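Single-letter residue listing:
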Amino acid sequence: MKSFLITFFFIGLVLPSLANHTKGGWLYYRYVGPGATANSARYVVTLKIYTECILNSNQWCPDVNVSIFNAGDNSLFETVNVVNTDVIDVQNCTRQECHECISDIPNICYKIATFEFIKDLPVTSAGYTLSYQRCCRIANIINLQPGSSTIGDTWTVNIPGTNGRDPLAYKNSSARFSQNDTAIICKDNYFTFDFSATDPDGDDLSYSFTDAYYASRGNGSQCNSRSDAPPFSFVGYQGPFSGTAPLGTGVTINPLTGIVSGIAPSIPGTYVLTCTVTEYKPGTNIIKSSVHKSLHISVADCSLTQAILEPEYFSCDGFTKSFSNKATGGNIQTYTWDFGVAGVSTDTSNIANPSFTFPDTGTYVLKLVVNKNLPCSDSAFSLVKVYPVFTPDFSVLGQCKNTPIRFIDRTVTTYGIVDSWQWNFGDGSAIINLSALQNPVHIYATEANYPVSLAVTNNKGCKGTVNKTILITNKPALDLTNDTLICTIDTLQLNAIGIGTILWSPDYNISNLNSPSPLVSPDVPTMYYAQLIDPYGCTGRDSVFVNVKSFVTIKGGNDTVICQADPIILTLSGDALQYSWTENPSIGSLNNPLLKNPLAIPTTTTTYRVTANIGKCTAQDDITISVVPYPKAMAGADTTICFGTSAQLQATGGSKYSWSPPSFLNNRLIANPISVKPPAGIRYTVTVWDTLGCPKPITSSIFVTVSKVNANAGPKDTAIVLDQPLQLNASGGTSYLWGPVQWLNNIGIVNPLAMPLNDIKYTVKVSNTFGCFDHDSIQVKVYTVAAGIYVPTAFTPNSDGRNDFFRPVALGLKSLEVFRIYNRWGQILFSDTNIESEGWNGTYRGNKQEPGTYVWHAEGTDYRNQKLKRRGYVVLIR
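Everything quoted here is computed from the prediction, not taken from an experiment.

Colleague: When you look at the overall build of the protein chain in this model, what are you seeing that I'm missing?
Modeller: In terms of helices and strands, the protein chain carries zero helices and 72 strands. Oriented by its inertia axes, the alpha-carbon framework of the protein chain measures out at about 140 × 110 × 75 Å. Summed over its atoms, the accessible surface of the protein chain is roughly 42200 Å², and 51% of this surface lies on carbon and sulfur atoms. Measuring between centres, the 61 positive side-chain charges of the protein chain sit 10 Å from its 65 negative side-chain charges.

Colleague: Which parts of the structure should I look at to understand the confidence of the model for the protein chain?
Modeller: Regions with low pLDDT should not have their predicted coordinates read in detail. For the protein chain, the mean per-residue pLDDT works out to 89, and 93% of the residues sit at or above 70. Under a pLDDT of 50 for its full length, residues 1–19 has, in the predicted model, 115 contacts with residues more than four places off or in other chains.

Colleague: Just checking my understanding: could you explain the sheet that holds strand 23 (residues 348–349) for this structure?
Modeller: Paired through backbone hydrogen bonds, the strands of a sheet run either parallel or antiparallel to each other. The strand order across the open sheet built from five strands is 20-26-25-22-23, with neighbouring strands paired in mixed fashion. The open sheet has two edge strands, strand 20 (312–315) and strand 23, and neither has a second partner. Examined bridge by bridge, strand 22 (residues 335–338) and strand 23 share two bridges and lie antiparallel to one another. If you follow W337 over to strand 23, its bridge partner there is S349.

Colleague: I keep staring at the environment of P585 and nothing clicks. Help me out?
Modeller: By the element assignment, P585 lies in the loop between strand 48 (578–584) and strand 49 (599–600). On the accessibility criterion, P585 (34% relative accessible area) is partly exposed. In sequence terms P585 and V82 are 503 residues apart; their C-alpha atoms lie 104 Å from each other. When near neighbours in sequence (up to four residues on either side) are disregarded, P585 contacts T604, T605 and T606.

Colleague: Please explain the side chain of S700 as it appears in this structure.
Modeller: In this structure, S700 sits in strand 57 (residues 698–707). A polar atom in the side chain of S700 sits 3.2 Å from the backbone nitrogen of A635. Excluding residues within four positions of it along the chain, S700 makes contact with A633, M634, A635, Y684, T685 and V686.

Colleague: Looking at this model, I keep getting lost on the environment of S208. Mind explaining?
Modeller: Assignment of secondary structure puts S208 in strand 14 (residues 204–209). Separated by 50 residues in sequence, S208 and G258 have C-alpha atoms that sit 7.9 Å apart. Those residues in contact with S208 that sit more than four places away from it in its chain are I253, T274, C275 and T276.

Colleague: Would you mind showing me how to read the packing of aromatic side chains here?
Modeller: To describe a pair of aromatic rings, you give the distance between the ring centres and the angle between the ring planes. Evaluation of the coordinates by the stated rule reveals 32 aromatic pairs. Their ring planes at 70° and their centres at 5.6 Å tell us that F177 and F195 sit as a pair that is edge-to-face. Here the residue F177 occupies a position in strand 10 (residues 176–177), and F195 occupies one in the loop between strand 12 (190–194) and strand 13 (197–198), the gap between them amounting to 18 residues. Taking relative accessible area as the criterion, F177 reaches 3% and is therefore assigned buried. On the basis of relative accessibility, which here comes to 2%, the residue F195 falls in the buried class. A ring pair is formed by W840 and Y854, whose centres lie 5.5 Å apart and whose planes are at 75°; its orientation type is edge-to-face. Of this pair, W840 sits in the loop between strand 68 (828–831) and strand 69 (843–844) while Y854 is found in strand 71 (residues 852–862), placing the two residues 14 residues apart along the sequence. Owing to a relative accessible area of 1%, W840 belongs among the buried residues under this scheme.

Colleague: It is not clear to me how a nonpolar patch on the surface should be interpreted in this structure. Could you clarify?
Modeller: Together, Y783, V785, Y790 and V809 make up an exposed nonpolar region whose accessible area comes to about 300 Å². Residue placement: V785 occurs in the loop between strand 63 (773–783) and strand 64 (788–790). Owing to a relative accessible area of 37%, V785 belongs among the partly exposed residues under this scheme.

Colleague: Would you mind showing me how to read the nonpolar core here?
Modeller: Grouped burial of nonpolar side chains is what soluble globular proteins tend to show. Grouped together as the largest cluster of nonpolar side chains are 54 residues, with contacts concentrated most on Y43, L47, L130, F177, F195 and V260. No other element matches the six residues that strand 3 (residues 40–52) contributes to this core. Counting 22 residues, the second-largest nonpolar core is a separate cluster that includes I562, L570, Y579 and I623.

Colleague: I would appreciate a short explanation of the sheet that holds strand 62 (residues 760–767) in the present structure.
Modeller: Strands sit in the order 58-63-62-60 across an open sheet of four strands; the sheet is mixed. The sheet is open, and its two edges are formed by strand 58 (717–721) and strand 60 (735–739), each paired on a single side. Neighbour-to-neighbour, the strand axes of the sheet open up by a mean angle of 25°, direction not taken into account. Pairing between strand 58 and strand 63: five bridges, direction parallel. If you follow D717 over to strand 63, its bridge partner there is Q779.

Here is what the cut-offs are and how they apply
- Residues numbered from 1 in each chain as written.
- Predicted model: local features only at pLDDT ≥ 70, side-chain atom pairs only at ≥ 80, totals over all residues.
- Heavy atoms only, no water.
- Helix = DSSP H or I, 4+ residues; strand = E, 2+ residues; numbered from the N terminus.
- Areas by Shrake-Rupley, 256 points an atom, 1.4 Å probe, with all protein chains shown as cover.
- Lys, Arg positive; Asp, Glu negative; His and termini not counted.
- Charge placed at Lys NZ, Arg CZ, Asp CG, Glu CD.
- pLDDT = per-residue confidence, 0-100.
- Contact = heavy atoms within 4.5 Å.
- Pairing = 2+ DSSP bridges.
- Buried < 20%, exposed > 50% of the residue type's maximum accessible area, 1.4 Å probe, protein only.
- Polar contact = N/O pair within 3.5 Å; in protein donor to acceptor, adjacent residues only side chain to side chain.
- Phe/Tyr/Trp six-rings, centres within 6.5 Å; stacked < 30°, edge-to-face > 60°.
- Patch = residues over 30% accessible without salt bridge, like charges linked within 9 Å, V, L, I, M, F, W, Y side chains within 5 Å.
- Salt bridge = Lys/Arg side-chain N within 4 Å of Asp/Glu carboxyl O.
- Core = buried A, V, L, I, M, F, W, Y, C linked by side-chain atoms within 4.5 Å.
- Axes fitted to C-alpha atoms, helices over the stretch in contact; angles between N-to-C directions.

Structure below.
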């Protein structure tokens, strides 16, 4: 089996000039014993800075300044000048034989500079914050906002004081990262990277991705600049990346091991990644210190062929398990899976992501071969442990603060035995918040909801976690009967629900002071108290008030009148406990007859009787609801009137009327107003009241349509020649009557034919289906000349309103096909075919033409379909 190192981190060093070459680093310390003076401690502090390999030796800072701040108020304690103690270069192999199955091997190189010093510090309650800042990061970082190369980096670590829960925390030595920073990351390929650290004190370590720090120190020429005081600012990330997902959501860090794994981003380039390792005092949640390591990761445009499986697979909820190659890049042509079932040959698959159902419980050896018998073949093995069913669970006994809360493991495992428990009580304020016992006990100091988790495993390798939120109170849960009342002749059963023993007080007309359900029969109002003591010593107390009545008091609402189909709430006042309504007649009009104030929708006049009781004491009352119908409003049918006439409105159904809108009405407050000559259609709405019955108004509406006839007899004036027939044509209605009858072939049609011998005026009466009518007329001029084109010989276009236009007079013509005017050079100045046109105004393209003689030409067709042509001259006079 081949294995490939697939992760590489570029990391950089501080420059003495303003250049973008810094690529990361970290700051850590170790405690070496008491200092030279009383109440002091001695530490060895180490700073490692990473840069690109392009730097020359004379570009290195020979010394840097590390700033020490008081952690209590962030004031500067001291700045220490530190001399460079070591510089190393790391260069990767770029030959193909070094990485047989990686394509496009990147050239990777970086420098590491080490600065180390010994420092005695007074032991204080708050401790210290150490930091170093420098410009500048490398350019074009993918996961930071644009312009990030102009900002610097901050490397910091804290030394604890004595004011925490561990007074000896100042003797702590910080965690130290392993220097495993050389590897190749190929885009879109699976990778792992060991980000683990060691701790000289054996503290518990927890790893997480965190935001990278920002540094405002832009003057790169000053190697020994002093750091800004904490708190430090963070850089800005560019989506979809963030400090907690610096390589995207597909790459995570194991909080227990520090292993970074996942699928690399698809965009090649440099990414900022910051890991924080936090030290906890073993077995507690007491934080001692934290170290931040900043790295610039280079994602290369390469790919590799590999087979990668999980170290182990567990199937604890069934016999079927799905598998996939954790490496997705490279030139993988074939997959060969063997699921390790002994004695069979059908436990194989050739697909990329198979699922397999194992025949029985047990441990199976899983094998994956990619590119079997081909170049760049690779294989991987893993164990599959099949042991269903495994169900984590737990229960909780106890509920009060400052009392023992017992946690009981209820995990069910069909195979094997549960062999480990990891409890987290969700109590961040407690010194001990964790437990590895099967059934631990924890004491909570305050009331709150606590998120409790239990992680369990069995000896077959199954593991699971269950999370529950528990409520811790200051007293046990106790549920009592609500305050109530009884009649003096009644007995009442009280109920107290809770886990533990009950003690009632006072001892007044109560059957049993220690019963959760005693009987009481007080003859005066009495407050009874119940005290609950749970099995864990938690005590709670609550009360119930029993009011005592000698009779029932009720009073129904007044009788009333409603409109038919309207709902009404039956109002009732009184001190009863139960109510029962009946109705006469029985029409089923109540929504719930057992309510104190039910909803009723009677359809006829109905009497409602209520019987109210307190135990054995009762009382009755009646309410009568009279039902009257709504008024039957009627505004009348829609109507049509002729324009210029009025409409008579007539409403019925009530005794009071109001019309709207009031437009054109002679009186809007009567039943029969007149709409006086409305100019257009209008809708009137009448509101009707009936003062003898239902008081609510009802509306009705009527639309008045105004019909208007616009008679049109055609052109106002026309001219014909003798013996020329004239076709009249009217419009605007449905019936027509022409007059006088002289020379008309039919006076009752829309388009009669006229053969007038003299000048005459014809009038037409146009009517519609509603009887509305209008008149129009046409004047006919009869010329006793032959049909032809008659043209004047001169015109004066001086805008005086007389003889301003030159046009032909077409007598007896059906159409004018050509009418053109030319100047003396034969240029067309005007052209028209419209007999009704105004003619030529003596201009051409907006310019007035000179006085003189112009040529005209005209062609047309007369009423006998004979073609006519004429040509002549016209004089333009100005």
